[in-house]
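Fold and geometry: a report
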Amino acid sequence: MDNKTKRCELARIAEEKGISRRSLLKTGALLGASAAVFSKVDKAHALLEKIGSDRGAAYPLSRAENVIYSVCLQCHTACPIKVKILDGVAVKIDGNPYSAQNMIPNLAMKTPPHVAARVDAKLCPKGQAGIQSLYDPYRVVKVLKRNGPRGSNKWKTISFDKAIDEIVNGGRLFASIGEDRHVPGLKELHALRDPKVAKAMAKDAKAVAHGKMTVSAFKAKHKNNLHVLIDPNHPDLGPKNNQFIMQCGRIEHGRKELAKRWLKGSFGSVNFYEHTTICEQSHHIAYNESTRQYKKGKWGKGKHHMKPDASNSEFIIFFGTGFVEANFGPTPMAEKVTDGLATGRLKVAVVDPRMSKSAAKAWKWLPVKPGADAALALAMIQWIIANRKYDEKYLTAANKAAAKAVGETTWSNASHLVRIEADGPGKLLRASDIGIGGDEFVVMNNGKPAAVGKEAITGELDFSGTVGGIKVKTAFTILKEEAFSRSMAQWSEICGIGVSDIETVAAEFTSHGKKACAEMYRGPVQHTNGYYNGQAIIALNMLIGNIDHKGGMTTGGGHWHEDGSKLKKPFNMKKMHPGKLTAFGHKISREKSAYEKSTLFAGYPAKRPWFPFSGNVYQEIIPSAADQYPYGAKALWIHKGTPGFASPAGQTALKILADPGKIPLVFATDIVIGETSMYADYIFPDTAVWERWGTPHTTPDVPQRASKIRQPTVEPMTEVVKVFGEKQHCSWEAVLLAISERLGLPGCGKDGFGPGMDFTTREDFFLKLMANLAWGDKKGQALPDAGRDEMKIFHSARSHMSRITFDPKRWQKACGKENWAKVVTLLNRGGRWEDWSNKFAASNGTVVHKYKKGMNLYAEKVAMQRHSMTGERFSGIAVYEPVKDAMGREINDRGYDLKLITYKDILGGQSRTLPTDYWLSAILPENYILINSRTASELGFRDGDMAKLVSASNHSGEWELPNRENKPMVGRIKAVEGMRPGVVAVSWSFGHWGYGAADADIDGRKVAGDPRRRTGLCPNAAMRIDPALGNSCMTDPIGASSSFYDTSVKLVRA
Amino acid sequence: MATNEIVRMQEDLERALAKAAGSRSWVMVIDIRKCVGDHACAVSCMAENVCPPGTSYRKVFDAENNEYPNADHFFMPANCQHCDNPPCARAANKVARGAVEKHPDGIVVFDYKTMARHPKAAAAAKKACPYYAIVEDKGGYYTEATPRLEPYETRVFFENGEKLTRKNTRGAVRKCTFCVHRLDAGMLPACVTTCIGRAMYFGDANDPRSLVSEILRQEKTWQMKSSLGTKPRVFYIGYANRFEIAAATAAACVECHE
């Protein structure tokens, strides 16, 4: 592209086609023709009049009988959807108008379904293309067993029962293809079965890990049961049951609770995982550490997520995210921002090396250097402090009462004193440390230290000195010193944003009172320094004290709880698990465990890192199994995820999976043969999201309380199987129940939920959740009973389903007959939402649903923890750190001069949606290597050239795919103005070899792959393998996010 | 935001539908400031109207402007403009009378049967359209070369209030109908309801109370290639650059589209 104005494509096409304006004008001058048109008018007029009303009646998609509400899952925003069904086929998906995520204001709950049926709400293109993910010609509908080496994509169909028998009992399962090894079945791993023994061992194993009991004392006490342990010399590794791992990708609430109930409580393994660290976990962990509450000498749980109240904001700076692509998410967020942009209420700044579609609307686009978000935020903080633009009243309020006195609902520990140790800031000072009280924190008040009790107290903000002989500083001072540790010019050099831009944005951020937000998601945190970047951004919000304010940051409207734990009825699910096992031991990812609190502690470094602050460390599971640290894995259940594709350097996982000696049994539940499930021994077909149940939760972007429900909208396509004597479609739940049936697991089958309450089909579980939602969290929140009309609609809308999928009697039994009419009201609306009211509309004051708690500018727990590899303490305050490997060494890949980032186009999700949904790939058939036009020409590339991505840990520029052909990372160069020079961006979703992209051999017949599904490239194989670990990507040692944006690459002509 | 704009426009629609077709005047307004380039409208159209593979009656064009770091990126949705002086009608009806009808409420309607029978009329219509809003239905399905022809492709759809399948439209040229089948059911066009930026408005310009009338009164709007004398029924609200989005101006659009 030349650097002149690139003209709009529509105008360009006109020029290319040689249609000049003159020729068009000439055509337009043919008056004779237009006279002919108008002579038609009268006739048409009459026609339209005559058939007007009939036409409406002739549009079945406007009728409630053709609608079932459910929830999308093309991305995790999980928008409530309206699925329109014609002749048993889901033909059109729109947004659910009852949903506050899709409609502002949403339709009131009392709106009858036949009225709502005619109101379509907004929905992003991925959600609409759900039709094509559901009716995907490459859906797996029968159980497949590997008929060649792992990854060869050779399969045979086998019966569900035989497959379940094999994975439960094990044996020489692959003898027929020449693999003579014994595969251990789940039966062997189900070693610890006695709930009493489990409970006692769990308690003592914890005591051993914490050094409160010796190993020999443990051994003596549990001598009769030591055989169930992985290693009796390390009882804190837990029982052999832990060697069965369930690794889930996109699992959601409902299924998640069931998975934990089952794997932990029924099977007795601690190793349940979601995919969060390949998403944006460090963002959650940064929020969590910023919001932990200190009670009775302990730091409790925090909140994981805040979002701007964008409907009322006046300024939002988006760090590495936006309101149009990814995030949480476009459908609910876009309108709030575009409304503000058009009316002039709102300005946005977008921090992103790529000019995203959000940045396209930004007053300031700040093309930051990847991973330098903390440098930018700290520079802004320096300016804010230097110019005293922070909210002093907010920051000096040291507790709840003080906050209340200044009209705030939240407060911070900015004024709390921190002990300064030889190796940096340490614990928060306690009143007992200086003899002025007990466990209270301490502030400087009128020049004297004072305990922070319940009474309102303010603290000096900027203090550094000695109190009672102890060197202290306030949290604010520590942040200030970090922010002033470099000059603005130095920060500018690090982050790549000019000083004047930094100052302008900092000034803007502090010019709107509380109606400004620093928002973030994945961009700043999928780095080795991700947690600190997140903390720096959260600190910006604390400096202006915007939490709970209209237009500020909010924790959202929340939800009614599906587990029944609030109202304790009709089903208090947590108490409904007879014979429940206590799962115990360190997880294979070593998450939620501190290295120092384990019997494996042997000085620094540990063999692999430990992650005491984080969870769901997805990228660590398979490599840890390979390294047998802390123990090996015997069986892996991969569910709705693709760790070998979606994780950075995913090829390292594939290499491990391809070797049956590493993890002897691998099975998957999937809707297609995916990139990773291709390496499984068995694939069980799962129901697609439009065919099943769930209770996904709502983004904090939504100000109203909301509980959305996923329910089957069509007959599932998977084969019908029999479990516990009941016919059901093969699904993740059916596999779980069938394993339970074979092993006699507690909490499943007859009386699985308690006397008279069986658990033999998925409905037995999910309809109980539905009943809980219908009743709400408190007395008086119950939904009204569905009347006759609604009952009729409910049944008609499901007339296309077989008795297996919709059995009203069975459903009534599952949810309790007395709850049935309420459940129907819930299902007829796809969930329940708080009605819109004036209090949500008001643009001033505080938000309706508040956080109302303290914020930690200084995270004490983090400050006191040592890095498991370096042995150095982490920082309790936001700091800037360069890219580091697991050993804390800086990465410097000389000769690779381009930084690689990824992003999601609005049309694409992580590993699904594009290019497999053909409506979407009709618009975007392939992805690109996006590069600044000048960088491209400096490197000798032109727009449209093909290039290969090569990195220091992937010299070949290929996905090395064991037992199949390699896949080169080759893509088309797209030279644009909207990229930071020196950075290349590759969108997700493309570069498949699974998901229908490759030919498969099933029962000796070739199923040809679709070339449209093979397009583009997936850049993950170029991502930096951690040099200290060798078999996985780099990881943030605190938040445990996998490093997506820290790799240097070069482009090789292809 | 006391009333949702969709609900308000549906109420506008009810009033319009109560009137004689000749006394209502359907128009669409697209606020480029609020268009986020997400293509929800295009996909909605594909699904609603079972558009031929690879096509949609709604396209969202995009273009960069200016240089790094002051670059701009614009998104421009376009569909049939339902011209009051439609070049397609003149061209097609010259070949086959009745191929294109102009309805009294403003909608330009293709008669697919006539179009399919008279390929030259179809081709003439397509060629005549200065907005590239017309797509060819060459037959074929997205999933025909895959393990299964999927039912969403062979299903019945309701364009122009007729019950159709793709078999009925093969050979025809097709385009946006303002979702007249939905209008008749009291529903807004599919692209309008699904827009996540809420950039699209639809209604009766003859009704001064309607939201579209209000917007046309209050905002500076612009019609694409209006100098051609086509008299489009799609109105745009534009902006000059991202630094001053709120200031609606047609100038930036005119630069390329006139």
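Residues numbered from 1 in each chain as written. Chains lettered and ligands numbered in written order. Predicted model: local features only at pLDDT ≥ 70, side-chain atom pairs only at ≥ 80, totals over all residues.

Quick look at the overall build of chain A
Filter applied, for reference: The secondary structure listing takes helices from DSSP runs of H or I that are at least 4 residues long and strands from runs of E that are at least 2 residues long, numbered from the N terminus. The globule rule used for comparison is 2.2 Å times the number of residues to the exponent 0.38, while the radius of gyration itself is calculated over C-alpha atoms. We call two residues in contact when the distance between their C-beta atoms, placed using the backbone, is within 7 Å.
Scanning chain A from N- to C-terminus turns up 33 helices and 44 strands. Compactness check: chain A gives a C-alpha radius of gyration of 29 Å against a globular reference of 31 Å for 1054 residues, within 12% of the reference. Long-range contacts, defined here as pairs at least 24 residues apart, represent 72% of the contacts in chain A between residues at least 6 apart.

Brief notes about the overall build of chain B
The test is simple: Neighbour density around each residue's C-beta defines its exposure: 20 or more other C-beta atoms within 10 Å make it buried, 12 or fewer make it exposed, and counts between make it partly exposed, where C-beta atoms are placed from the backbone.
In terms of helices and strands, chain B carries 11 helices and nine strands. In terms of overall size, chain B behaves like a compact globule, its C-alpha atoms giving a radius of gyration of 18 Å where 258 residues would be expected to give roughly 18 Å. Projected onto the principal axes, the alpha-carbon positions of chain B cover approximately 50 × 50 × 35 Å. Evaluated residue by residue, chain B yields a buried proportion of 63% over its 258 residues. For chain B, the proportion of contacts with a sequence separation of at least 24, taken over those separated by at least 6, is 62%.

Description of the pairing of strand β30 (residues 726-729) of chain A
All names here are of chain A. Stated formally: Being paired, for any two strands, means DSSP has found at least two bridges between them.
Pairing between strand β29 (residues 720-723) and β30: four bridges, direction antiparallel. By the bridge assignment, Val 720 is partnered in β30 with His 729. Between β29 and the antiparallel strand that follows it, β30, lie two residues; Phe 724 among them carries a positive phi value of about 50°.

Thoughts on the sheet that holds strand β41 (residues 983-987) of chain A
Residues and elements named next belong to chain A. Rules: Axis angles are defined between N-to-C directions and span 0 to 180 degrees, where every axis is a line fitted to C-alpha atoms and, for a helix, only to the segment in contact.
The six strands lie next to each other as β35-β41-β36-β40-β37-β44, forming a closed barrel whose pairing is mixed. Shown here is a sheet whose adjacent strand axes are inclined to one another by a mean of 45°, direction ignored. By the bridge criterion, two bridges tie strand β35 (residues 898-903) to strand β44 (residues 1048-1053) in an arrangement that is antiparallel. When the sheet's bridge partners are listed, Leu 898 is paired in β44 with Val 1049.

Examining the nonpolar core
Selection criterion: Definition of nonpolar core: a set of buried Ala, Val, Leu, Ile, Met, Phe, Trp, Tyr and Cys residues joined via C-beta atoms within 7 Å. As annotated, the domain borders come from an automatic or database domain assignment.
Membership of the largest hydrophobic core comes to 412 residues, with the highest contact counts inside it found for Leu 376, Leu 378, Met 380, Ala 539 and Met 770 of chain A together with Ala 125 of chain B. Split by domain, the residues of this core number at least three in each of domain 1 (307-555 + 850-863) and domain 2 (898-1053) of chain A. Those residues in contact with Leu 378 of chain A that sit more than four places away from it in its chain are Glu 482, Ala 483, Trp 491, Ala 536, Ala 878 and Tyr 880 of chain A.

What about the pairing of strand β2 (residues 59-65) of chain B?
All names here are of chain B. Bridging between β2 and strand β3 (residues 72-78) involves seven bridges; their strand directions are antiparallel. Of the residues in β3, the one forming a bridge with Asp 62 is Phe 75. Taking the residues between adjacent antiparallel strands as the criterion, β2 and β3 are bridged by six residues, where Asn 66 takes a positive phi near 65°.

Re the interface of chain A and chain B
Short version of the rule: Each residue is assigned to one of three groups, with Ala, Val, Leu, Ile, Met, Phe, Trp, Tyr, Cys and Pro labelled nonpolar, Asp, Glu, Lys and Arg labelled charged, and all others, Gly among them, labelled polar.
Between chain A and chain B, the contact holds 87 residues from the first and 86 residues from the second. For the side of chain A that touches chain B, the secondary structure elements donating two or more residues are α1 (9-16), α2 (21-28), α3 (31-57), β3 (89-95), α5 (125-128), α13 (330-343) and α32 (918-923) of chain A. In terms of residues, the side of chain A that touches chain B owes the most to one element, α3 of chain A, which gives 15 residues. Here the side of chain A that touches chain B is composed, by residue class, of 54 nonpolar, 16 polar and 17 charged.

A closer look at the confidence of the model for chain A
Put simply, the test is: Within a predicted model, pLDDT stands for the predictor's per-residue confidence, ranging from 0 to 100.
For chain A, the mean per-residue pLDDT works out to 94, and 95% of the residues sit at or above 70. Every residue in residues 1-56 of chain A scores below 50 in pLDDT, and together they form 81 contacts with partners more than four places removed in sequence or on other chains.

Looking at the sheet that holds strand β17 (residues 417-421) of chain A
Residues and elements named next belong to chain A. With antiparallel pairing, the four strands of this open sheet are ordered in space as β18-β17-β22-β21. Either end of the sheet is taken by a strand with one partner, and the two such strands are β18 (424-428) and β21 (464-467). Neighbour to neighbour, the strand axes of the sheet diverge by 45° on average, direction disregarded. Sheet topology places β17 next to β18; three bridges connect them, and they run antiparallel. For Glu 421, the partnering residue across the bridge sits in β18 and is Gly 424. Packing against the sheet, helix α17 (residues 475-483) makes contact with β17, β18, β21 and β22 (470-474), and its axis sits at approximately 75° to β22.

What to know about helix α19 (residues 499-509) of chain A
This is how it is decided: The directions from the helix axis to the C-beta atoms form the arc being described.
Taken together, the buried positions of α19 of chain A are Ile 502, Val 505, Ala 506 and Phe 509 of chain A. For α19 of chain A, the arc enclosing every buried residue in end-on projection is 100°, short of the 170-degree limit, so these residues lie on one face.

Concerning the environment of Pro 125 of chain A
With respect to the secondary-structure elements, Pro 125 of chain A resides in helix α5. Sequence-wise, Pro 125 of chain A and Gln 74 of chain A are 51 residues apart; in three dimensions their C-alpha atoms are separated by 9.6 Å. Ignoring anything within four residues of it in the chain, the contact list for Pro 125 of chain A reads Ile 906, Leu 907 and Leu 920 of chain A together with Asp 38, His 39, Ala 40 and Val 43 of chain B.

As for the domain arrangement of chain A
Think of interface size as the accessible area that goes away when the parts come together; that is how it is often given. Residue and element names in this part refer to chain A. Considered domain by domain, chain A is made up of domain 1 (307-555 + 850-863) and domain 2 (898-1053). Averaged C-alpha coordinates put domain 1 and domain 2 at centres separated by 35 Å. Domain 1 puts 22 residues into the contact, and the matching count from domain 2 is 23 residues. In terms of residue count, helix α21 (residues 530-544) provides more of the side of domain 1 that touches domain 2 than any other element does, three residues in total. Residue composition of the side of domain 1 that touches domain 2, by class: 10 nonpolar, nine polar and three charged.

Concerning the confidence of the model for chain B
Per-residue pLDDT for chain B averages 94, and the proportion of residues at 70 or more is 97%. Here the prediction assigns the complex a pTM of 0.95, and the interface score ipTM is 0.98.

Topic: the packing of helix α27 (residues 788-797) of chain A against helix α29 (residues 820-827) of chain A
Residues and elements named next belong to chain A. This is how the line gets drawn: Definitions for this section: a left-handed crossing has its near helix turned counterclockwise from the far helix by less than a right angle. A right-handed crossing has that turn clockwise.
Closest axis-to-axis distance for the α27/α29 pair is 10 Å, and the angle between their directions is 65°. Here α27 runs over α29; the crossing is left-handed. Each of Glu 790, Met 791 and Phe 794 in α27 lies in contact with α29, whose residues at this interface are Val 824, Thr 825 and Leu 827. Split into classes, the residues belonging to the contact of α27 with α29 amount to four nonpolar, one polar and one charged.

Regarding helix α18 (residues 488-495) of chain A
Residues and elements named next belong to chain A. Trp 491, Ser 492, Ile 494 and Cys 495 are the residues of α18 that are buried. Down the axis of α18, the buried side of the element spans an arc of 160°, and every buried residue falls inside it. Away from its buried face by more than 90 degrees, α18 exposes Ala 489 and Gln 490. For α18, the elements touching its buried residues are α14 (373-386) and α19. Where α18 terminates, the next one or two residues include Gly 496, which has phi positive at roughly 80°.

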